[in-house]
Amino acid sequence: MLKTGRLLSLVVRRTSCPPRARRLHLGAALAVKKYTDTENDYALSVLRNVPTVKELAPATGPLLEWEGLDEVLPVAERWCGTDPERVLLLLRHTVERVQRATEAQPFTLEDARLAGFVEAFVRTVPDFTDDQLARALGTLAALDEIRSIYQPHYLALWTALDAVCLDRVTGWNVDRLLHFADAWYPLRLVKQGKFVHKAIWKISNRLRKLTPDQLVRTVFYINLTRVPVENMMDIEVNLQQNFAAFTIADVAVLCMGFFKTETPVRSAELLERIYQKVTAEVATVEDIALTAILKLLRYSSRIPQVPAMHALLDALAPHIPRLSLQACLHVALLGSDIHVCHRGTLEPVVDRFAGSVQQLRLKDAERIAFVLAHGNVALEGGRDEALLRAILADLPNRVPEIVQYPRCYIALLHFLSLRGIHDAALISAAFEPRFLQLAYGRNIGGAGREAVSLDAYAAINLEGEYATGRRFPPDAFRLVCKLTQDYLPNPRYKLTKSDRMLLDLQGTFGALVREPCQILHLLPHYQRPDILFCVDERAGRVVPLGELAATHEIRTRASVLGERSRDDRLRLVAIVVGSWNCYVRDERRRTGGYAMKLEQLRHTVVRVASLFPGRYAPLSRGKAGTLPEQSALPRDD
């Protein structure tokens, strides 16, 4: 891993666009912001039986004839014998000694004198009763700071307890399993240990029969492990059947479990009830609970949920000023996956963010830029553009965050570029070879579409301004495009609905003009191909292009026409076929990506015909590059 200073020197100070690059520098005030993840702490507060970490009472009990702990530890195995209570007493004294350690009298779990005690503990743990196991876990949980959970002595202690709990899973009922999961939580070892995973696996066989309290606690640990159980559907069934018994806070914890395990809620009825509950309690719901629920609703909602989504967003609009920035962000994101843009909430959210740009995380800035770019929305007074420009201007102050989250930085620059907002120096810095390796590893060809789209923006939209800036490596560009674009439709293979529509348009248009037109990727960084033909404007007819070889490079007039590119009578026209996915729902406005595609095609093939065909709808005869006539719009079915 490159040191921060050296990396920034390579990425920024040696950039080929020096004026703005000089503003990027390291300083004492540029430390990476630290944000506390409070979701789990909130979920913990919802659960009634999970203990919090608290100070242990001073250890009591004589060390017999020995004067103190220093004399007992070297002979711990002989002193403890086979008595579990003596082992627990010595564990309490040891933990208390670690807590009271000072620089003058240091004492840690790494102390060599503890070797004998650790051996005695590991040997005796299998003989512990359930109550003694719980006491041992509670004692270890009192340790405030552990240098590493894999430090040999500490590792031996907690893995011994984990192994014994694991052995007893089969004999414990649901309440007992959850009780010990609660005992493990304060150690922050739920993900590393095996017991909680096995306990959740056993409980998952009876998810439909759990009480509301048991279900919430179970899903809390599914959330912590980030591993979905095989029958997550049973959680939906239980929640739907007993929905009235769950509070809004309980629903939030359950939503965390679904979202963190990347499991959408599939029941439309259950989603509708969640929407109704949040809408009814929007005035009192806590920020963290609202954020957790909004995450799942965005992840799970589809077109049938749009009316309920609008009702919720309408109810949320007056409450935006009291919400946290994180909650505001997820209000703005709700519906983005299905192209819903709700101005009533987006406008106050943009106002909130405009006054708090420096408090935003880099990821938050990238997400709000995505919302504004994808929705292609223009707010009154240019407030959206002002926010995006403020985010761009603040990037030189975020060098440590950029180094820590390089892919987020590249994605942010891409979303800004969709709105025509850019800085050539910052784009050039993103394409520095060392920075690309930091973002995508040695296999830069495994980058996402955001990298090639940003490179294409620099090449097409900034053709003159970006003449000396760095570019994404050409070989990697072609590979990423090849991996992220659709195959050209071929009737010999199984076709999607979009493929059939594209072939139908090609055949219909070819029959009308009596000349073949070709389907190809004019802009390889976009997923869908387009239809291309050539018009002789003087003769007023379509002329043949000839077969064009497949390529993963950006098409230009010269690359398509070759020697004929100098003939001013020839005009290239691209037919770009759109669908509802290319437009903001319920508005006659293109999404940011689709609008940028049309703009870039105008730079490369001169003229664009943007079609939005519906079922059996005729092709529009409107002006090239404009929306089709109303008759060409599809019915929403």
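Parameters and conventions
Residues numbered from 1 in each chain as written. Predicted model: local features only at pLDDT ≥ 70, side-chain atom pairs only at ≥ 80, totals over all residues. Heavy atoms only, no water. Helix = DSSP H or I, 4+ residues; strand = E, 2+ residues; numbered from the N terminus. Buried < 20%, exposed > 50% of the residue type's maximum accessible area, 1.4 Å probe, protein only. Areas by Shrake-Rupley, 256 points an atom, 1.4 Å probe, with all protein chains shown as cover. Salt bridge = Lys/Arg side-chain N within 4 Å of Asp/Glu carboxyl O. Pairing = 2+ DSSP bridges. Phe/Tyr/Trp six-rings, centres within 6.5 Å; stacked < 30°, edge-to-face > 60°. Axes fitted to C-alpha atoms, helices over the stretch in contact; angles between N-to-C directions. Parallel < 35°, antiparallel > 145°, perpendicular 65-115°, else oblique. Left-handed = near helix turned anticlockwise from the far one by under 90°. Contact = heavy atoms within 4.5 Å. Core = buried A, V, L, I, M, F, W, Y, C linked by side-chain atoms within 4.5 Å. Nonpolar A, V, L, I, M, F, W, Y, C, P; charged D, E, K, R; others polar. pLDDT = per-residue confidence, 0-100.

Colleague: Could you clarify how one ought to interpret the overall build of the protein chain in this entry?
Modeller: When helices and strands are counted, the protein chain shows 30 helices and five strands. Expressed as a percentage of its 637 residues, the buried residues of the protein chain come to 53%. Just so you have it, the protein chain exposes about 30,200 Å², and 51% of that area is on carbon and sulfur atoms.

Colleague: Before we go on, may I ask you to explain the pattern of salt bridges in this structure?
Modeller: Close approach of charged atoms allows side chains with opposite charge to pair. Under the counting rule described, the total for this entry stands at 27 salt bridges. When the shortest N-O distance is used, the salt bridge between Lys277 and Glu281 registers 3.5 Å. Take Lys277: its relative accessible area is 17%, and that puts it in the buried class.

Colleague: Got a minute to help me understand the pairing of strand S2 (residues 530-536) in this structure?
Modeller: A large share of S2 lies buried, amounting to seven of its seven residues. On S2, burial covers both faces: Asp530, Leu532, Cys534 and Asp536 on one face and Ile531, Phe533 and Val535 on the other are all buried. Relative to S2, strand S1 (residues 518-520) runs antiparallel, the two being bridged by three bridges. Pairing of Ile519 across the sheet is with Ile531, part of S2.

Colleague: For this particular structure, what's the right way to read the packing of aromatic side chains?
Modeller: Note on aromatic pairs: each is described by the distance of the centres and the angle between the planes. Per the stated rule, a full pass over the model turns up 12 aromatic pairs. Here Phe121 and Phe128 contribute two aromatic rings whose centre-to-centre distance is 5.9 Å and whose plane-to-plane angle is 90°, an arrangement assigned as edge-to-face. Judged by its relative accessible area of 2%, Phe128 falls in the buried class. Taken together, a centroid distance of 5.4 Å and an interplanar angle of 55° make the contact between Tyr185 and Phe220 tilted. Taken as a pair, Tyr185 in the loop between helix H10 (174-184) and helix H11 (195-203) and Phe220 in helix H12 (residues 212-225) lie far apart in primary sequence, 35 residues in all.

Colleague: How do you make sense of the packing of helix H8 (residues 130-141) against helix H9 (residues 152-167) when you look at a structure like this?
Modeller: Packed helices, taken two at a time, are described by the angle between their axes plus the distance between the axes. The interhelical angle for the contact between H8 and H9, taken along N-to-C directions, is 150°, at an axis separation of 11 Å. Here H8 is positioned roughly antiparallel relative to H9, judged by the angle of their axes. Note on packing geometry: the crossing formed by H8 with H9 is left-handed. Facing H8, whose interface residues are Leu133, Ala136, Leu137 and Leu140, H9 presents Tyr154, Leu157, Trp158, Leu161, Val164 and Cys165.

Colleague: Explanation requested: the nonpolar core in the structure shown.
Modeller: The tendency in soluble globular proteins is for nonpolar side chains to be buried side by side. Core analysis: the biggest nonpolar cluster contains 190 residues, and Tyr409 and Phe472 have the highest contact counts within it. The contacts of Phe472, once residues within four sequence positions are left out, are Phe431, Leu436, Ile444, Ala447, Ala451, Val452, Asp455, Phe477 and Val480. Ranked by size, the runner-up nonpolar core spans 13 residues in total, among them Leu503, Phe533, Ile575 and Val577.

Colleague: How do you make sense of the packing of helix H15 (residues 268-280) against helix H17 (residues 306-316) when you look at a structure like this?
Modeller: Where H15 meets H17, the closest approach of the two axes is 9 Å, and the angle between their N-to-C directions is 15°. The orientation of H15 with respect to H17, classified from their angle, is roughly parallel. Viewed along their axes, H15 and H17 form a crossing whose handedness is left-handed. Of the residues in H17, those in contact with Glu272, Tyr275, Val278 and Thr279 of H15 are Ala308, Met309, Ala311, Leu312 and Ala315. Partitioned by chemical class, the residues of the contact of H15 with H17 number seven nonpolar, one polar and one charged.

Colleague: For this particular structure, what's the right way to read the environment of Gly335?
Modeller: Note on placement: Gly335 falls in the loop between helix H18 (325-333) and helix H19 (343-354). According to the relative accessible area criterion, Gly335 is buried, its value standing at 4%. Taking the C-alpha atoms as reference points, Gly335 and His310, 25 residues apart in sequence, are found 9.1 Å from one another. In contact with Gly335, other than residues within four places in its own chain, are Met309 and Val340.

Colleague: Looking at this structure, how should I read the pairing of strand S4 (residues 570-577)?
Modeller: In summary, the side chains of a regular strand alternate between the two faces of the sheet. Summarising burial for S4: seven of the eight residues are buried, a large majority. Bridge count for S2 against S4 is six bridges, and the pairing is antiparallel. Bridge assignment links Leu532 to a residue of S4, and that residue is Ala574.

Colleague: How do you make sense of H18 when you look at a structure like this?
Modeller: With seven of nine residues buried, H18 is to be regarded as a mostly interior element. Every buried residue of H18 is listed here: Ala327, Cys328, Leu329, His330, Val331, Ala332 and Leu333. Contacts from the buried residues of H18 go to helix H16 (287-300), H17, H19 and helix H20 (362-375). Count one or two residues on from H18 and you reach Gly335, which has phi positive near 90°.

Colleague: When you look at the environment of Leu210 in this model, what are you seeing that I'm missing?
Modeller: Mapped onto the elements of the fold, Leu210 is located in the loop between H11 and H12. For Leu210, a relative accessible area of 3% translates into the label buried. Each C-alpha atom, one on Leu210 and one on Ile235, is 9.3 Å from the other, the two residues being 25 residues apart in sequence. When residues no more than four places from it in sequence are discounted, the contact partners of Leu210 are Val174, Ile203, Leu215, Thr218 and Asn238.

Colleague: Before we go on, may I ask you to explain the confidence of the model for the protein chain in this structure?
Modeller: Any segment with low pLDDT has predicted coordinates that should not be analysed in fine detail. When pLDDT is averaged along the protein chain, the result is 83; 83% of the residues meet or exceed 70. Every residue in residues 62-67 scores below 50 in pLDDT, and together they form 14 contacts with partners more than four places removed in sequence or on other chains.

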